[in-house]
Amino acid sequence: MASAPRGGEDVESSSLTTTCGNPASSRPLVLVGAIVIVVVGASALDSSRPRPSSSSFAAAKNLPYYLGKDRGVARTECELDENYSRHYLKRAYDLPFAALFRDTRGQSKFEASDVTIVNDTVYSVCDSSWAISKFGRHLDPFSTENVQIGDPNREEDESGYEAILEFDGLFYVVRESVYHADHAENTKGKRSGDFHAVIEELRLTDDDYAFVRECQCEFAFLGNSKGFEGAVGFPDVHGDLHILGLCEGNHCSEEEEKKKDVGNGRVVIMKKRHDDDDGADGCLWETVRVVRIPESAAFLDYSAIDITSSGRVAITSQEDSSVWLGHTVGISDGVIDPNAFEFNDVKSSVWRFPRDGGCHTIYCNIEGIHFINDEMLMAVSDKMKGKGKQDFRCQEKDQSIHAFVIP
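Residues numbered from 1 in each chain as written. Predicted model: local features only at pLDDT ≥ 70, side-chain atom pairs only at ≥ 80, totals over all residues. Heavy atoms only, no water.

Take the side chain of Asp398 next. When you line up the elements, Asp398 lands in the loop between strand 26 (376-381) and strand 27 (400-405). Within the buried set, Asp398 has no salt-bridge partner at all; the shortest N-O distance to an opposite charge, 6.7 Å, is to Lys383. Of note is the side chain of Asp398, whose polar atom sits 3.4 Å from the side chain of Gln399. Ignoring sequence-local partners within four residues, the contact set of Asp398 consists of Asn365, Ser381, Asp382, Lys383 and Met384. (Helix = DSSP H or I, 4+ residues; strand = E, 2+ residues; numbered from the N terminus. Buried < 20%, exposed > 50% of the residue type's maximum accessible area, 1.4 Å probe, protein only. Lys, Arg positive; Asp, Glu negative; His and termini not counted. Salt bridge = Lys/Arg side-chain N within 4 Å of Asp/Glu carboxyl O. Polar contact = N/O pair within 3.5 Å; in protein donor to acceptor, adjacent residues only side chain to side chain. Contact = heavy atoms within 4.5 Å.)

Here Phe142, not a glycine, exhibits a phi torsion of approximately 55°, which is positive. With respect to the element layout, Phe142 can be found in the loop between strand 9 (132-135) and strand 10 (147-149). In this model, Ser321 sits at a positive phi of 50°, which is unusual for a non-glycine residue.

With that out of the way, let us pick up the environment of Phe404. Inspection of the secondary structure puts Phe404 in strand 27. Look at Phe404 and you get buried, because its relative accessible area is 0%. In this structure the C-alpha to C-alpha distance between Phe404 and Phe353, which are 51 residues apart in sequence, comes to 8.4 Å.

In structure tokens form, the structure reads like this:
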């Protein structure tokens, strides 16, 4: 295997599918939220304009960044923004995963990590579960249309699922970064090997899935916590699938200095190679190119990506509670030219997810994004971080599915 580089359509909403959950004691479910849909508008925060600055302390404490005073009264960033409706998405719908399922299959934790819509059905995955969630078009709470496909506890460890996409009847599910030992003799007793994402191929039925194969990605990471956080796929003119993996960290790195070097997002374009020696179906997702995300997406992290068949793109940041909207070059009618693919920054914009009445961040854990149509986005949220790592307000929208309007 070649040495791995190191990182350092409109659709109608119909039904939704998601994979998540952890074992828990069985208790009656209580509806604790509502579904949210977000619409994206024609005018947005011009990415060329400077964003209001805030201290790292204020960001960590989820403060509303008081930027000025009017007659001695402190005013929030939201109040001072005379073009608020051009900078913030509009909430349309929210509902916790736990309130969607009539049968949670013993799961109490839904660490949602990605969402996609296929033929008017919504599918989602969670990095805490081996199941794939499927939701009906209306996102009705406790509906029999909303089910978990596959065994949530397929293996002892958590799945690490971070992305889901469909191509030619198969679902491709990306595990963020998995340790691969090189089997070399190590006399010091330390692990010897690399971290690589793994892509599973699954064939779904109504209530289960068949495991077809899994293939390692050539691209190597430094650890298991900052790998591919999202992915999309397109065929080339020959019909060969190319998967574009979104690195979570800046420079595709876990190193503290590099991952905080905002505006250095990367997407890795990969194509699968088959090795059929001795009848074995070996495979590897080889790196074709590494493509820079424009600096206008000046995010601390990159949590999800969607690209329509016409090349419109959305890239989210969990830490910045924002989404970058732009276009691509090299995708037309759902076909990619991997050598020509680039992000077009000419008409890009940055939108923030809605704040609460005090201008505090409440969508703290967005990890999946998908275009519902030209004016709306669907998203899912991971579980809030505990032990004081996130503000208590983050719990309100965690482990949920959302819809937003682009004003």
